Amino acid sequence: MANVLNGKTIAFLATDGVEQIELTRPWQDLQDAGATVHLVSSNTGEIQGYHHLTAADVFTVDKNVCYVDANDYDALVLPGGVANPDALRLDADAVSFVNAFFKAGKPVAAICHAPWLLIEAGVVEGRRLTAWPSLKTDLVNAGGKWVDVAVCEDKGLITSRKPDDLDAFCEKMLEIFSA
């Protein structure tokens, strides 16, 4: 998949509490495929990554979400972790940023607990998607159809359940983002 994403710029939206491997693995795969990637956050400076409940590395934020425009990006990645999407869904700028990708018909990839942000953005209704199993009721109540599979793609929305699904998630993400 080398260079299939040359000329494409991908936003990663995350904040403190992001599940580190759900940020770093897709990031590396996208860079290896030639994409330019930006870490967008409601924070400025740095965000704290986690390995489950244990603090891990910190990551430098490239752009604050209140100053970005979805039109500047070809796709969006939403890593999970419990605290990360829970905080972002309370940030009106983050919710608007996510919503703008759907309004523009651009692909979005979300893993683990990240679909909480999709619910808040009002983009789940009528879609088939997967997520961490505890989000099933939330997704169904928002009008989505939850499925228990490693990766699911519905009209440009790529979703996965957990870090163990990263191989399938990244493979599908590269396929859809390069189309």
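Shown above is the structure to which this text applies.
Residues numbered from 1 in each chain as written. Predicted model: local features only at pLDDT ≥ 70, side-chain atom pairs only at ≥ 80, totals over all residues. Heavy atoms only, no water.

K.L.:
Tell me about the pattern of salt bridges, residues and numbers included.
P.N.:
In the structure shown here, the tally under the stated rule is seven salt bridges. The shortest N-O distance in the salt bridge between Asp 29 and Arg 25 comes to 3.1 Å. Here the residue Asp 29 and the residue Arg 25 both occupy positions in helix H1 (residues 20-32), the gap between them amounting to four residues, near one helical turn. Looking at Asp 29, the relative accessible area reads 18%, which means it is buried. The class of Arg 25 is partly exposed, set by a relative accessible area of 26%. Among the salt bridges present, the one from Asp 86 reaches Arg 89, with a minimum N-O distance of 2.6 Å. We classify Asp 86 as partly exposed; its relative accessible area is 31%. Given a relative accessible area of 24%, Arg 89 falls into the partly exposed group. Taken together, the salt bridges that share partners define one network made up of Arg 25, Asp 29 and Asp 167. (Salt bridge = Lys/Arg side-chain N within 4 Å of Asp/Glu carboxyl O. Helix = DSSP H or I, 4+ residues; strand = E, 2+ residues; numbered from the N terminus. Buried < 20%, exposed > 50% of the residue type's maximum accessible area, 1.4 Å probe, protein only.)

K.L.:
Can you explain the pairing of strand E8 (residues 108-111)? Please cite residues and give values.
P.N.:
Of the two faces of E8, the one lined by Val 108 and Ala 110 and the one lined by Ala 109 and Ile 111 are each fully buried. Here strand E7 (residues 75-78) pairs with E8 via three bridges, running parallel. In the strand pairing of E8, Val 77 is matched with Ala 109. Bridge analysis of E8 against strand E12 (residues 157-160) gives four bridges, and the strand direction is parallel. Counterpart to Val 108 in the pairing with E12 is Leu 157. (Pairing = 2+ DSSP bridges.)

K.L.:
Mind laying out H1, listing which residues take part and the relevant values?
P.N.:
Relative to the 18 Å expected for 13 residues at 1.5 Å per residue, H1 spans 18 Å between its end C-alpha atoms, a close match to the ideal helical length. Looking at H1, one finds that the buried residues are Gln 20, Glu 22, Leu 23, Pro 26, Trp 27, Asp 29 and Leu 30. Gly 34 sits one or two positions beyond H1 and adopts a positive phi of about 100°. (Expected span 1.5 Å × (residues − 1).)

K.L.:
Describe the sheet that holds E7, naming the residues involved and giving the relevant values.
P.N.:
Strand order across the open sheet formed by seven strands is E6-E3-E1-E7-E8-E12-E11, with mixed pairing between neighbours. Looking along the sheet, the strands with just one partner apiece sit at the ends: strand E6 (63-64) and strand E11 (151-154).

K.L.:
Any chance you could break down the pairing of strand E1 (residues 9-13) for me, citing the residues and the numbers?
P.N.:
The element E1 is largely enclosed, with a buried count of five among its five residues. Of the two faces of E1, both are covered, the one formed by Thr 9, Ala 11 and Leu 13 as well as the one formed by Ile 10 and Phe 12. As defined by bridge partners, E1 adjoins strand E3 (residues 36-41) across five bridges and the pair is classed as parallel. Across the sheet, the residue bridging to Thr 9 is Thr 36, located in E3. When E1 meets E7, the two strands line up parallel, connected through three bridges. Bridge pairing in E7 places Ile 10 opposite Ala 75.

K.L.:
Any chance you could break down the sheet that holds strand E5 (residues 54-60) for me, citing the residues and the numbers?
P.N.:
The three strands lie next to each other as E2-E4-E5, forming an open sheet whose pairing is mixed. The sheet is open, and its two edges are formed by strand E2 (18-19) and E5, each paired on a single side. As paired elements, strand E4 (residues 46-51) and E5 share five bridges and run antiparallel to each other. Residue pairing for E5: Glu 46 is matched across the bridge by Thr 60.

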